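What the coordinates show
If you want the building blocks of each chain, they are given just below.
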Amino acid sequence: MDNTPVSCRSLSTYYHVKGKQLEEQYRRHLSNFFTWDQLDHAEDWILFKDNIGSHLSIDEVALTQGELYTVVTNKAAKGKKGSIVAMVAGTNSDQVIKVLKKISTRARYRVQEITLDMAPTMERIAREAFPKATRVADRFHVQKLAFDALQQIRVQYRWEAIEQENNEIELAKQTHQTYKPHILENGDTFKQLLARSRYLYLSLKTNGL
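Residues numbered from 1 in each chain as written. Predicted model: local features only at pLDDT ≥ 70, side-chain atom pairs only at ≥ 80, totals over all residues. Heavy atoms only, no water.

**Quick notes on the overall build of the chain**
When its secondary structure is counted, the chain shows seven helices and six strands. Of the regular secondary structure in the chain, the N- to C-terminal order runs α-α-β-β-β-β-α-α-β-α-β-α-α. Here the chain holds 209 residues, and 27% of them are scored as buried. (Helix = DSSP H or I, 4+ residues; strand = E, 2+ residues; numbered from the N terminus. Buried < 20%, exposed > 50% of the residue type's maximum accessible area, 1.4 Å probe, protein only.)

**Re the pattern of salt bridges**
Applying the stated criterion across every chain yields a total of six salt bridges. Ionic pairing is found between Glu 123 and Arg 127, a salt bridge with its closest N-O pair at 3.3 Å. A residue pair is termed a helical-turn pair when its members lie 3 or 4 positions apart in one helix, as Glu 123 and Arg 127 do in helix 5 (residues 120–129) at four residues. Close ionic contact of Arg 135 with Glu 123 constitutes a salt bridge, the shortest N to O distance being 3.1 Å. (Salt bridge = Lys/Arg side-chain N within 4 Å of Asp/Glu carboxyl O.)

**Digging into unusual backbone geometry**
With a phi angle near 55 degrees, Lys 78 is a residue other than glycine that sits in the positive phi range. Residue position: Lys 78 is located in the loop between strand 3 (68–74) and strand 4 (84–89). At His 176, a position not held by glycine, the phi torsion is positive, near 55 degrees. Among the secondary structure elements, His 176 is positioned in the loop between helix 6 (139–174) and helix 7 (190–196).

**Quick look at the packing of helix 3 (residues 93–100) against helix 5**
Where helix 3 contacts helix 5, the two axes come as close as 9 Å, and the packing angle between them is 25 degrees. It follows from the interaxial angle that helix 3 and helix 5 lie roughly parallel. Like other packed secondary-structure pairs, helix 3 and helix 5 cross with a definite hand, here right-handed. Residues Ser 93, Asp 94, Val 96, Ile 97 and Leu 100 of helix 3 form the contact with helix 5, whose own contacting residues are Thr 121, Arg 124, Ile 125, Glu 128 and Ala 129. Taken together, the residues that form the contact of helix 3 with helix 5 break down as five nonpolar, two polar and three charged. (Axes fitted to C-alpha atoms, helices over the stretch in contact; angles between N-to-C directions. Parallel < 35°, antiparallel > 145°, perpendicular 65-115°, else oblique. Left-handed = near helix turned anticlockwise from the far one by under 90°. Contact = heavy atoms within 4.5 Å. Nonpolar A, V, L, I, M, F, W, Y, C, P; charged D, E, K, R; others polar.)

**Observations concerning the environment of Val 71**
By the element assignment, Val 71 lies in strand 3. Assessed through its relative accessible area of 11%, Val 71 is described here as buried. Taking the C-alpha atoms as reference points, Val 71 and Ile 58, separated by 13 residues in sequence, lie 5.6 Å from one another. Setting aside residues up to four positions removed in sequence, Val 71 forms contacts with Ser 57, Ile 58, Asp 59, Val 61, Ala 86 and Met 87.

**What to know about the pairing of strand 6 (residues 134–137)**
In this sheet, strand 6 lies alongside strand 5 (residues 113–116) in parallel orientation, the contact comprising four bridges. Each bridged residue has a counterpart across the sheet, and for Ile 114 the counterpart in strand 6 is Arg 135. Handedness of the crossover is the feature at issue here: the chain leaves strand 5, passes through helix 5, returns alongside strand 6, and the resulting connection is right-handed. (Pairing = 2+ DSSP bridges. Right-handed = clockwise from strand over helix to strand, strands pointing away.)

**Some words on the sheet that holds strand 4**
Ordered by their spatial adjacency, six strands build an open sheet running 1-4-3-2-5-6, and the pairing between neighbours is mixed. Across the chains shown, the open sheet's two edge strands, defined by having one partner strand only, are strand 1 (45–47) and strand 6. The mean angle between the axes of side-by-side strands here comes to 20 degrees, regardless of whether they run parallel or antiparallel. Direction of pairing for strand 2 (residues 55–62) relative to strand 3: antiparallel, over a ladder of seven bridges.

**Let's talk about a nonpolar patch on the surface**
A contiguous nonpolar patch, built from Met 118, Val 142 and Leu 145 and spanning about 270 Å² of accessible area, is present on the exposed surface. Mapping Met 118 onto the fold places it in the loop between strand 5 and helix 5. Overall, the relative accessible area of 44% leaves Met 118 in the partly exposed class. (Patch = residues over 30% accessible without salt bridge, like charges linked within 9 Å, V, L, I, M, F, W, Y side chains within 5 Å. Areas by Shrake-Rupley, 256 points an atom, 1.4 Å probe, with all protein chains shown as cover.)

Dropping the structure here:
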């Protein structure tokens, strides 16, 4: 099936025709949509066997209306034409595996690597549909786990700093002294530094890079 035009409205302005009419004519006559061999099951799944490659990615994607799809893509296409290998409604592993196994065993066994998140469902799909492929955890999900762990430690230290500061303020009151917090080289107290450093350890170095 041909891709939909980038902007029917722009074309309609150029050719002085109604945009809605041009869009409808493209859909009904020019796109071959109604003779598409996957039309009868396109709402449930679509499969482009020829787009399979040696390095794939699999992930769940939520579309604009909240529909959740499992999408398998070919990394070599880099998000351009020929990227989509399969798109299946939902994340049911049995259904996704059933669709992917419509690809020949020989082609599936040639897949060398597949990138996925750490969900058991995706792991099962990758393992059964592409048994010869090395399964690699997606970098984004690994980074998120590391970020969450660091965030938990930062919050714990911040609460400890707040408690220590409150205790020192109370002690200063009891001894009739003016409380003076310890100031770090950058001008922050421990509590302020721990509050401002939420994303600091995710920033790229700027010196020399």
